[in-house]
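Report on the structure
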Protein chains: 2
Amino acid sequence: MKKKATLADVAAAAGVSKMTASRALRGVRDVSKANIARVRQAAQELGYVGNFLAASLSSQRSDLIGVVVPNLANIVFAQVLSGISEGIAGSGMQPVFGVTDYDPDKEYDIIRNMLSWQPAGLIVTGLDLPEATRRLLENAEIPVVQIMDIDGEPVDACVGFSHIRAGEEIAQALIAAGLRKFGYAGCALTMDVRAAKRRIGFQRALIQNGLDFVEEVEAFELSSIGAGRLLTEQLLKKAPDVDCIYFSNDDVAAGGLFYCLEAGIAVPGKVALAGFNGLSIASGFPGRIATVRTPRREIGRKAAEIICSALDGKPAGGEAIELTPEVDLGLIGARKG
Amino acid sequence: MKKKATLADVAAAAGVSKMTASRALRGVRDVSKANIARVRQAAQELGYVGNFLAASLSSQRSDLIGVVVPNLANIVFAQVLSGISEGIAGSGMQPVFGVTDYDPDKEYDIIRNMLSWQPAGLIVTGLDLPEATRRLLENAEIPVVQIMDIDGEPVDACVGFSHIRAGEEIAQALIAAGLRKFGYAGCALTMDVRAAKRRIGFQRALIQNGLDFVEEVEAFELSSIGAGRLLTEQLLKKAPDVDCIYFSNDDVAAGGLFYCLEAGIAVPGKVALAGFNGLSIASGFPGRIATVRTPRREIGRKAAEIICSALDGKPAGGEAIELTPEVDLGLIGARKG
DNA sequence: GTGAAAGCGCTAACAA
DNA sequence: TTGTTAGCGCTTTCAC
């Protein structure tokens, strides 16, 4: 096995033209059964693999779908990716991932890079893109789906939910449950625009009810359980009388729960904890953390479907799909009862 | 902005030939400052993005590195990916991920698909590949690094550690700490070959010490905290007198810990728990779970580096890099003390 | 049902 | 330093 076999080699071995070989391999109709068999056989024997570079260049389209996410350490995005896998299943598309680490410059580079592979479509996390990045997408002339958020103007289509409203809704539910002294603990709010939106929505609901955060603490690192532990310790030191802590997400909230459990602070008896995302980590302690459950898989699936159907000629344009997350107070409902 | 601008358009706009434009854009030396500026300017104005398909086809090489992992829900692989990102930083390579869901057929398809993009190299999880997949890699004529495992024969290079030994070592440490009645709780052992290897190593050490598992339980779903909870409950019902449970990994062990905490079972006082991977989720309860800490980031980084240096002419062939994981008994050491 | 010619957009190699 | 000539391996188009 010296030089890699090309289509020409396969064709020669099968005794047909390149075109017939190409058609046979791609399963295009109008090829005789006999030739299909012959070509398949030859390809098999030569260990022919094909060259998508050449195929895509020639046909002016690729089967790649570019997916840009901020972070993979957060399982949420891993789940979105799962959803995308589901959504493109059977379509013959192949996802290509890029991770931005919440860095706008990196994001720009990654998107640019992806575009140069001529993907069939792009799925990008978030609505708040820098001007240059946005222009890049606008000029790309391929379906672009922005996911996770709908509080803003999408370039093309978007699938997600309102983070502002998610914050408001859980705040209202917590207030209705009788909680009054709220603390906030968050990670990397300048980077994580959506977490910041939730905080704003939450605070807005507080203010509407004549309340506000009693105390806020923030870490500048990315979300983690460890950070949640520390933030909670800090917050409770500064404001021991809070009866509820709102965290930027469930990872951080889980850290808070772990801290409280070990410090012997009853949750939600003494202090209620609320996060965002309905993660499995929180499900390790069913009901202990109030959360907003988000349809991550479904977002991925829908986004993939939009792209696939846009490729089937349907004009994806402007579609904005709002999915509704679900507030789950867990044990807090029973707390005052 | 109608048709996407090509190199020819940029060249025309800058008043130079395609080649000069190409060189200027790629930063190849031997282009006059004036022309570089002119070309850059023209590219900018036209919103030129380039076409890697054409570039790679023409130059017969791409900057893609294919990465095949079984699963993204498990943070371990997300961390490996981080390491890979680190390892290729500055090399201009771009990773492309594929997720197999532990399905060998899917794995074959993904690898085949990746090869047809003519990647510069491939990073594949695991050593135990089906014959056909193995042949595919052998014939690919690009550097292939298999990661996470070294108990077996790599196609080309490999970076990882011995799972059998990891199982043995933690078993020995636990025995030395005075534990005697071992239970086993695992998920998806037929799919997760490496977890199965750890179990074998663990059991081997038990037998060498005249012991064996008192009881074993298995779930056929993928690892999760929820599964760990259930398995632990089952196991402790069947064999209430075990003094140590070995789990297939830290996710499952964390579920076990959560179960015990809520059931009021002292950990590690009444029952010791041991897992694998040193995950941050376990770090929510420092020391509660004995674990084997593995250098996941480093595996990713090393793998990426091997590929990069192989591309610089160094023959990667046959390299097998063994990294050593580290047994951490956590609080168990103090338990009997 | 099959094949020949003409590129896709770019770069390697050589010439000027 | 710059430009010209040939492809890279495949698919599209159109003729047979």
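Residues numbered from 1 in each chain as written. Chains lettered and ligands numbered in written order. Predicted model: local features only at pLDDT ≥ 70, side-chain atom pairs only at ≥ 80, totals over all residues. Heavy atoms only, no water.

1. Notes on the pattern of salt bridges
Once the charged atoms of two side chains with opposite charge are near each other, the side chains can pair. In the structure shown here, the tally under the stated rule is 36 salt bridges over all chains. For A:Glu262, the salt bridge identified is with A:Arg229, shortest N-O distance 3.1 Å. Of this pair, A:Glu262 sits in helix α11 (residues 250–263) while A:Arg229 sits in helix α10 (residues 225–238), and the two are 33 residues apart along the sequence. Taking the relative accessible area as the measure of exposure, A:Arg229 reaches 16% and is therefore buried. Between B:Arg293 and B:Glu326 there is a salt bridge, with its nearest N and O atoms 3.7 Å apart. Residue B:Arg293 is found in strand β10 (residues 289–293), and its partner B:Glu326 is found in strand β12 (residues 326–328); the two are separated by 33 residues along the sequence. (Salt bridge = Lys/Arg side-chain N within 4 Å of Asp/Glu carboxyl O. Helix = DSSP H or I, 4+ residues; strand = E, 2+ residues; numbered from the N terminus. Buried < 20%, exposed > 50% of the residue type's maximum accessible area, 1.4 Å probe, protein only.)

2. Some details on the interface of chain B and chain A
The partner chain A presents 45 residues to the 46 residues of chain B that form the contact. Taken over both partners, the interface formed by chain B and chain A buries close to 4,200 Å², and the fraction arising from carbon and sulfur atoms is 62%. Our enumeration of links across chain B and chain A arrives at two salt bridges. A salt bridge links A:Glu262 to B:Arg288; its shortest N-O distance comes to 3.5 Å. Here chain B and chain A share six residue pairs in polar contact (both at pLDDT 80 or more) between them. (Contact = heavy atoms within 4.5 Å. Buried area = accessible area lost by both parts, 1.4 Å probe. Polar contact = N/O pair within 3.5 Å; in protein donor to acceptor, adjacent residues only side chain to side chain.)

3. Observations concerning the pairing of strand β6 (residues 182–187) of chain B
All names here are of chain B. Counting buried positions along β6 yields six of six residues, so the element is predominantly enclosed. With burial as the criterion, each face of β6 is covered, one bearing Phe182, Tyr184 and Gly186 and the other bearing Gly183, Ala185 and Cys187. The pairing of β6 with strand β7 (residues 213–219) spans six bridges and is parallel. What sits directly across from Tyr184, in β7, is Glu216. Taken together, β6, helix α9 (residues 193–208) and β7 form a β-α-β motif whose crossover is right-handed. (Pairing = 2+ DSSP bridges. Right-handed = clockwise from strand over helix to strand, strands pointing away.)

4. Side note on the packing of aromatic side chains
Each aromatic ring pair is summarised here by two numbers: the centre-to-centre distance and the angle between the ring planes. Residues and elements named next belong to chain A. Tallying each qualifying case throughout the model produces 16 aromatic pairs over all chains. With centroids separated by 6.0 Å and ring planes inclined at 50°, the aromatic side chains of Phe161 and Phe276 adopt a geometry described as tilted. In this pair, Phe161 sits in strand β5 (residues 157–161) while Phe276 sits in the loop between β9 (272–274) and β10 (289–293), placing the two residues 115 residues apart along the sequence. Judged by its relative accessible area of 2%, Phe276 falls in the buried class. A network of ring pairs unites the aromatic residues Phe182, Tyr184, Phe202, Phe213 and Tyr246 as a single cluster. In this structure, Arg198 is placed above the aromatic ring of Phe276, and the distance from its NZ or CZ to the ring centre is 3.8 Å. (Phe/Tyr/Trp six-rings, centres within 6.5 Å; stacked < 30°, edge-to-face > 60°. Lys NZ or Arg CZ within 6 Å of the ring centre and 35° of its normal.)

5. Quick look at the domain arrangement of chain A
Segmentation of chain A into domains returns domain 1 (7–50), domain 2 (62–160 + 296–323) and domain 3 (163–293). Centre-to-centre separation of domain 1 of chain A and domain 2 of chain A, based on C-alpha positions: 35 Å. (Domains from an automatic or database assignment.)

6. Section: the nonpolar core
Residues A:Leu174 and B:Leu174 are the most contacted members of the largest nonpolar core, which totals 170 residues. Filtering out sequence-adjacent residues up to four positions away, B:Leu174 remains in contact with B:Leu179, B:Phe182, B:Phe202, B:Cys244, B:Ala274, B:Ala290, B:Leu329 and B:Ile332. Formed by 36 residues, the second largest nonpolar core is a distinct cluster that contains A:Val68, B:Val96, B:Ala140 and B:Val144. (Core = buried A, V, L, I, M, F, W, Y, C linked by side-chain atoms within 4.5 Å.)

7. Things to note about the protein's contact with DNA strand D
Around DNA strand D sit 25 residues in total, of which A:Leu7, A:Ser22, A:Tyr48, B:Thr20 and B:Asn35 are the nearest. Taken together, the residues that form the surface near DNA strand D break down as nine nonpolar, 12 polar and four charged. (Near = heavy atom within 4 Å. Nonpolar A, V, L, I, M, F, W, Y, C, P; charged D, E, K, R; others polar.)

8. Thoughts on the protein's contact with DNA strand C
Taken together, 25 residues form the shell around DNA strand C, and within it A:Thr20, A:Asn35, B:Leu7, B:Ser22 and B:Tyr48 come nearest. What you see for DNA strand C is that sugar and phosphate hold 64% of its atoms within 4 Å of the protein. The contact in question runs from a phosphate oxygen of DNA strand C to an N or O atom on the backbone of B:Leu7, over 2.5 Å. Contributions of two or more residues to the surface near DNA strand C are made by α2 (18–26) and α4 (52–59) of chain A together with α2 (18–26) and α4 (52–59) of chain B. In terms of residue class, the surface near DNA strand C is made up of nine nonpolar, 12 polar and four charged.

9. Thoughts on the packing of helix α1 (residues 7–14) of chain A against α2(A)
To characterise two packed helices, one gives the angle between the axes of the helices and the distance between these axes. All names here are of chain A. Between α1 and α2, the shortest axis-to-axis distance is 8 Å and the interhelical angle comes to 100°. By the criterion of interaxial angle, the relationship of α1 to α2 is roughly perpendicular. Contacts between α1 and α2 pair Leu7, Ala8 and Ala11 from the former with Lys18, Ala21, Ser22 and Leu25 from the latter. Partitioned by chemical class, the residues of the contact of α1 with α2 number five nonpolar, one polar and one charged. (Axes fitted to C-alpha atoms, helices over the stretch in contact; angles between N-to-C directions. Parallel < 35°, antiparallel > 145°, perpendicular 65-115°, else oblique.)

10. Thoughts on the environment of A:Gln208
When you line up the elements, A:Gln208 lands in helix α9 (residues 193–208). A C-alpha to C-alpha distance of 24 Å links A:Gln208 and A:Gly330, two positions 122 residues apart in sequence.

11. Observations concerning the sheet that holds strand β3 (residues 121–125) of chain A
Residue and element names in this part refer to chain A. One open sheet accounts for six strands, arranged β2-β1-β3-β4-β5-β11; its pairing is parallel. Whereas interior strands pair on both sides, the edge strands pair on one side only; in this sheet they are β2 (94–99) and β11 (320–322). Ignoring which end each strand starts from, the neighbouring axes of this sheet average 15° apart. Here β3 pairs with strand β4 (residues 144–149) via four bridges, running parallel. The partner of Thr125 across the bridge, within β4, is Ile147. Helix-sheet contacts for helix α5 (residues 75–88) involve β1 (64–69), β2, β3 and β4, and the interaxial angle to β1 is about 165°.

12. Observations regarding unusual backbone geometry
Residue A:Val267 is joined to A:Pro268 through a cis peptide bond whose omega torsion reads 0°. Inspection of the secondary structure puts A:Pro268 in the loop between α11 and β9. A positive phi angle, close to 130°, is found at A:Asn277, a residue other than glycine. Within the secondary structure layout, A:Asn277 lies in the loop between β9 and β10. Residue A:Asn277 is classed as buried on the basis of its relative accessible area of 7%. With a phi close to 70°, B:Asp30 is a non-glycine residue in the positive phi region. Of note, B:Asp30 is situated in the loop between α2 and α3 (33–46).

13. Re the pairing of strand β3 (residues 121–125) of chain B
All names here are of chain B. Of all five residues that make up β3, five are buried, and the element is covered over most of its length. Of the two faces of β3, the one lined by Gly121, Ile123 and Thr125 and the one lined by Leu122 and Val124 are each fully buried. Summarising the sheet, strand β1 (residues 64–69) and β3 pair through four bridges and their orientation is parallel. Across the sheet, residue Val68 finds its bridge partner in β3, namely Val124.

14. Considering the sheet that holds strand β8 (residues 244–247) of chain A
Residue and element names in this part refer to chain A. Pairing in this open sheet of six strands is mixed, and the strands run β7-β6-β8-β9-β10-β12 from one edge to the other. Looking along the sheet, the strands with just one partner apiece sit at the ends: β7 (213–219) and β12 (326–328). With strand direction ignored, the average angle separating the axes of adjacent strands in the sheet is 15°. Pairing between strand β6 (residues 182–187) and β8: four bridges, direction parallel. Paired with Ala185 across the bridge in β8 is Phe247. Running at roughly 145° to β10, helix α8 (residues 163–176) makes contact with β6, β8, β9, β10 and β12 of the sheet. Lying over the sheet, α11 contacts β6, β8, β9 and β10, oriented at roughly 170° with respect to β10.

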